[in-house]
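# Close look at the chain arrangement
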Amino acid sequence: MSAHATSHTGHDDHHHDPGFLRKYVFSTDHKMIGIQYGITAMLFLAFGFYLMMVMRWSIAYPHQPLPEWMSWIFTDTWKARWLQDGKVTGETYNMFGAMHGTIMVFLGIVPLGFGAFGNYVTPLQIGAPDMAFPRLNMMSYWVYLAGGLIMCASFFMESGAAKSGWTNYSPLAGFADGQIVNQWLAGQTQWLIGLVLLITSSLLGSVNFITTIINLRARGMTWMRMPFLVWSMLVTAFLLLLAFPPLEAAGIMQLMDRVAHSSFFMPSGLFTKSEGLADLSGGGSPLLFQHLFWFLGHPEVYVLLLPAFACVAEIIPVFTRKPLWGYKPMVYSVIVLGFLSFIVWAHHMYMTGMGPVVSTFFQTTTVLISVPSVIIITAMLISLWGGSIRFTPPMMWACAFIPMFGIGGLTGLPLAFNLADLHLHDTYYVIGHFHYVVAPGILFGFFAGVLHWYPKITGRFMSPWLNQLHFWPSLICMNVIFFPMLVQGMAGFHRRWYNGGDAYLAKAADSANVFGKTVAEWIDLNILMSMGAWTLAVAQIPFIINLLVSWKTGRKVTSDNPWQATTLEWATPTPPGHGNFTFEPSVYRGPYEYSRPGSETDYMPQWEEPKTRGTDAAS
């Protein structure tokens, strides 16, 4: 009996059916947990997107009530409490803004990239039967879900959800919802509880990923034979492991400031209009919270980004039929990127009055961190050069990712310098820059990943026609939304105007009011951007239909390796069963061996034993 058949028997014949709950709900299988992360993260992303659409209405039409198609989700009681004559108030706008940022970053993109793609693909690519700690993996998902539900449930509390921005700065966050007698039932407090749970989930996941990648690689899977995705997930896990504990400590300390009347971040001598001189023990440092937050905040950018880099880097070699150019420099770059991300955080804090020596250090490191990013993007571009490019659905998104991320990166360079940042800080320029990285950048990479691995997960292809309906409107709308933000930001539009700057229009006629005239010149872009946002929402409908319907009606794959790819996940059955592999995988070469001279086909899978020993010895 062949090794294939023998191990197939060993894997499947003796594996009992765990039942519905253990298989689909409380599963310890990394693949099911990856799917759970993916579905949950996409639901949170949809909710966060909805909050943004409401905010865009307030910005574009501040004097008009929310239309019924946008407000139907709210109960009449909720509308009476948080809307004024049907219109969004400043308080409601602050609540939606804080929760939009929190949900998109902590509940949407991180779980989708690291939790979903990382969980499903990483063990398959290294030839592992599962994650090192399956129960810990399950616990990580459920702690994440609990944190997200606690945060979102705070919308229905008397205080509403958190309103102090997604950064939650003290002392503003320390005073927020002070009218609530039981501070444990305040939205701001629930935000902190949810944050602590989300960080705990990420720490559990990061330990699991590091252990799995180091210890469970297949025979022959040396460090430089690992796919770029695995390297990216390893660096991401270290970023989470090292950067999240300071923010968890900050969250717990701020929680104590709220419920135990400590003053970790609350200074002496605070005076408020409603309470006068605040009754505090005092002595705390608001700047300390900013340092702890941004020490996580900038590595967090790369926690978002590296999984998207990874998806695109896996897709380009498959659909150009050539090796990934500069694989080793890309690996070294992603490691350097992880290291440098820990020494740039204070470029978010130029406004705090740091001296020239400290600001010069952070300006230098911020410029330096762009170098490894440029190396990775350049390697992707050169990989396209001279390739036999197949513009499949995943390849379309991967190609669009490169220029969109490029715009996001280039617009960030001026913010590295404190002289420019003093003008641009807290304007729409910062919003445009960050969203070019996150929305058309990172999310395009994730759309590419979904289309690429969907046939392995389900055994069916997603519809190319529905993908066209999704891709082109999304590409256009993303630029319609975010490019005008760069223009408005350079004109001085503040990121937190709930009425889009409408209050300045009355002063525009005053010849001495230069800023009023500036606002009048560019305020109409608010309507354009809002129209783009609502159209973008419609453009996601084909994707949702494609994702759900293709599961049952999509074109069936005819092979376990439908893309004729080289990495180990394509050696598994479709979809992979318990234990993943029906044979014990061994790795004989690097991850991107395409179009090699002397090969019978234009691809050489990692698991395919060489016909003559020594042929792949240098890989």
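To be clear, the structure that these remarks concern was listed above.
Numbers given for residues are sequential positions, taken from 1 along each chain in its written order. Local features in this predicted model are restricted to residues of pLDDT 70 or higher, and side-chain atom pairs are both shown and tallied only at a pLDDT of 80 or more, whereas totals for entire chains, interfaces and linings draw on every residue. Derived side-chain values reflect all non-hydrogen atoms in the structure, with water molecules and hydrogen atoms excluded from consideration.

### Notes on helix 13 (residues 356-384)
The way it works is that DSSP assigns letters per residue, a run of H or I at least four long becomes a helix, a run of E at least two long becomes a strand, and they are numbered from the N terminus. In this analysis, the expected span of each helix is defined as 1.5 Å times one less than the number of residues it contains. Between its first and last C-alpha atoms helix 13 spans 43 Å; for 29 residues at 1.5 Å apiece the expected length is 42 Å, and the two agree. Where helix 13 ends, the next residue or the one after it, Gly 386, has phi of about 75 degrees, a positive value.

### A word on the environment of Leu 340
Of note, Leu 340 is situated in helix 12 (residues 327-340). Beyond its immediate stretch of four places on either side in the chain, Leu 340 contacts Leu 368, Ile 369 and Pro 372. In this analysis, two residues are considered to be in contact whenever any of their non-hydrogen atoms come within 4.5 Å of each other.

### Notes on the nonpolar core
Phe 228, Phe 309, Met 380 and Phe 401 are the most contacted members of the largest nonpolar core, which has 187 residues in total. Broken down by element, the residue count for this core peaks at 21 residues, all from helix 11 (residues 286-320). Among all residues touching Met 380, those that are not within four sequence positions of it are Phe 309, Val 312, Ala 313, Ile 316, Met 330, Phe 401 and Ile 402. Think of a nonpolar core as a cluster: buried Ala, Val, Leu, Ile, Met, Phe, Trp, Tyr and Cys residues, connected wherever their side-chain atoms sit within 4.5 Å. Each residue gets one of three labels from its accessible area relative to the maximum for its type: buried under 20%, exposed over 50%, partly exposed in between, using a 1.4 Å probe on protein chains only.

### Considerations on the pattern of salt bridges
Only one rule defines a salt bridge in this text: a Lys or Arg side-chain nitrogen within 4 Å of an Asp or Glu carboxyl oxygen. According to the stated counting rule, one finds eight salt bridges in the structure shown. Salt-bridge contacts for Asp 29 lead to Lys 31; the nearest nitrogen and oxygen are separated by 3.0 Å. On the accessibility criterion, Asp 29 (18% relative accessible area) is buried. Taking relative accessible area as the criterion, Lys 31 reaches 6% and is therefore assigned buried. One salt bridge connects Arg 496 with Asp 426, and the closest N-O pair in it is separated by 3.1 Å. Within this pair, whereas Arg 496 is found in the loop between helix 17 (464-491) and helix 18 (514-522), its partner Asp 426 is found in the loop between helix 15 (418-424) and helix 16 (428-458), the two being separated by 70 residues in sequence. Through salt bridges with shared partners, one network takes in Arg 321, Arg 390 and Asp 602.

### Comments concerning the packing of aromatic side chains
Stacked, edge-to-face and tilted are the three classes for Phe, Tyr and Trp ring pairs, Trp counted by its six-membered ring, which pair at centre distances within 6.5 Å; planes under 30 degrees apart are stacked, over 60 edge-to-face, the rest tilted. Tallied over the entire structure, the rule returns 51 aromatic pairs. Centre to centre, the rings of Trp 69 and Trp 534 are 6.1 Å apart; their planes meet at 85 degrees, and the pair counts as edge-to-face. Taken together, the positions of Trp 69 in helix 4 (residues 68-71) and Trp 534 in helix 19 (residues 525-539) put the pair 465 residues apart, joining distant regions of the chain. Classification of Trp 69 by relative accessible area gives partly exposed; the value is 48%. Cluster of aromatic residues (ring-pair linked, three or more members): Phe 47, Tyr 50, Phe 74, Trp 78, Trp 82, Phe 96 and Phe 155. Above the ring of Trp 82, the side-chain terminus of Arg 81 is found at 3.8 Å from the ring centroid. We call a charge positioned over a ring when the NZ of a Lys or the CZ of an Arg lies within 6 Å of the ring centre and within 35 degrees of the ring normal. When the ring centre of Trp 223 is taken as reference, the NZ or CZ atom of Arg 217 above it lies at 4.0 Å.

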